[in-house]
Amino acid sequence: QVVLVESGGGLVQTGGSLRLSCAASGRTLSNYGMGWFRQAPGKEREFVAAISRPGLSTGYSNSVKGRFTISRNYAKTTVYLQMDSVRLDDTAVYYCAASERSYSTNGNQYDYWGQGTMVTVSA
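Thresholds, definitions, all that
- All residue numbers here refer to positions counted from 1 along the written sequence of the relevant chain.
- Side-chain atom pairs in this predicted model are given and counted only at pLDDT of 80 or more, local residue features only at pLDDT of at least 70, and totals for whole chains, interfaces and linings cover all residues.
- As a convention, hydrogens and water are excluded, and side-chain values are obtained from all of the structure's heavy atoms.
- In this text, buried Ala, Val, Leu, Ile, Met, Phe, Trp, Tyr and Cys residues form a nonpolar core when linked through side-chain atoms within 4.5 Å.
- Working definition: with a 1.4 Å probe on protein chains only, accessible area under 20% of the residue-type maximum means buried, over 50% means exposed, and in between means partly exposed.
- A carboxyl oxygen of Asp or Glu within 4 Å of a side-chain nitrogen of Lys or Arg is what we treat as a salt bridge.
- In this description a helix means any DSSP run of H or I spanning at least four residues, a strand means any run of E spanning at least two, and both kinds are numbered starting from the N terminus.
- Cysteine sulfurs are considered disulfide-paired once they come within 2.5 Å of each other.
- Each pair of aromatic rings taken from Phe, Tyr and Trp, with Trp reduced to its six-membered ring, is defined by centres within 6.5 Å and is described as stacked if the planes are under 30 degrees apart, edge-to-face if over 60, and tilted in the remaining cases.
- Should the NZ of a Lys or the CZ of an Arg lie within 6 Å of a ring centre and within 35 degrees of the ring normal, that charge is described as sitting over the ring.

**Q** Even after reading the chapter, I still don't get the nonpolar core, so can you show me in this structure?
**A** Nonpolar side chains in soluble globular proteins tend to end up buried together. Core analysis: the biggest nonpolar cluster contains 30 residues, and Leu4, Met34, Trp36, Leu81 and Tyr94 have the highest contact counts within it. Phe37, Phe47, Ala97 and Tyr110 belong to the second-largest nonpolar core, a separate cluster that totals five residues.

**Q** I tried to follow the pattern of salt bridges on my own but got confused; where do I start?
**A** Side chains that differ in sign of charge can pair as their charged atoms come close. Counting across every chain of the model gives four salt bridges. Between Glu46 and Arg38 there is a salt bridge, and its shortest N-O distance comes to 2.7 Å. Among the ionic pairs, Arg67 bridges to Asp90, the shortest N-O distance being 2.7 Å. You can see Arg67 sitting in the loop between strand S6 (58-60) and strand S7 (68-72) and its partner Asp90 sitting in the loop between strand S8 (78-83) and strand S9 (92-99), a full 23 residues away along the chain. Using a relative accessible area of 12% as the deciding quantity, one classes Arg67 as buried. Accessibility expressed as a relative area gives 0% for Asp90, which makes it buried. Linked by salt bridges that have partners in common, Arg38, Glu46, Arg67 and Asp90 make up one network.

**Q** I'm lost on the state of the cysteines in this one. Help?
**A** By definition, a disulfide links the sulfur atoms of two cysteine residues through a covalent bond. This model, assessed by the stated rule, comprises one disulfide. Here Cys22 pairs with Cys96 through a disulfide, and the sulfurs are 1.9 Å apart. Judged by the sign of its S-S torsion, about -75°, the bond between Cys22 and Cys96 is left-handed. One end of the pair, Cys22, is in strand S3 (residues 18-24); the other, Cys96, is in strand S9, and 74 residues separate them in sequence. Of the two residues, Cys22 and Cys96, neither departs from the other in class, the shared state being buried.

**Q** Before we go on, may I ask you to explain the packing of aromatic side chains in this structure?
**A** Applying the stated criterion across every chain yields a total of five aromatic pairs. Pairing Phe37 with Phe47 gives two aromatic rings, centres 5.7 Å apart and planes at 70°, and the pair type is edge-to-face. Here Phe37 is found in strand S4 (residues 33-39), whereas its partner Phe47 is found in strand S5 (residues 46-51), with ten residues between them in sequence. The interplanar angle of 65° and the centroid separation of 6.1 Å between the aromatic rings of Tyr110 and Trp113 together place this pair among those described as edge-to-face. Judged by relative accessible area, which is 6%, Tyr110 ranks as buried. Among the aromatic residues, ring-to-ring pairing joins Phe37, Phe47, Tyr110 and Trp113 into one connected group. A cation over an aromatic ring shows up here: Arg45 above the ring of Phe37, its NZ or CZ 5.7 Å from the ring centre.

Right under this line is the structure:
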């Protein structure tokens, strides 16, 4: 079982920046496609960003494209979500997910999920 742990959430003002991190205890994430999803109160979970296992391909939802960046560190032990120019509607619990097969915009394609980290954007 892969246990993913997100960190870096917190309170940030509109227009500010925040970087989320995702790591699996005791192992690298090099063999997994990785994704970030989020769920706001009263809303369903939505796709945010994804990165391929080799880290050569990325994808973003239209709502975050140009503002958020998903990346891996060199050793592929950590996956990041750099959040810039945050907006009020970015407020949500952000979840890291790992896929043994492929990265995807579809959460059903992911095998492991983190516990989530809360991001609150204040005006």
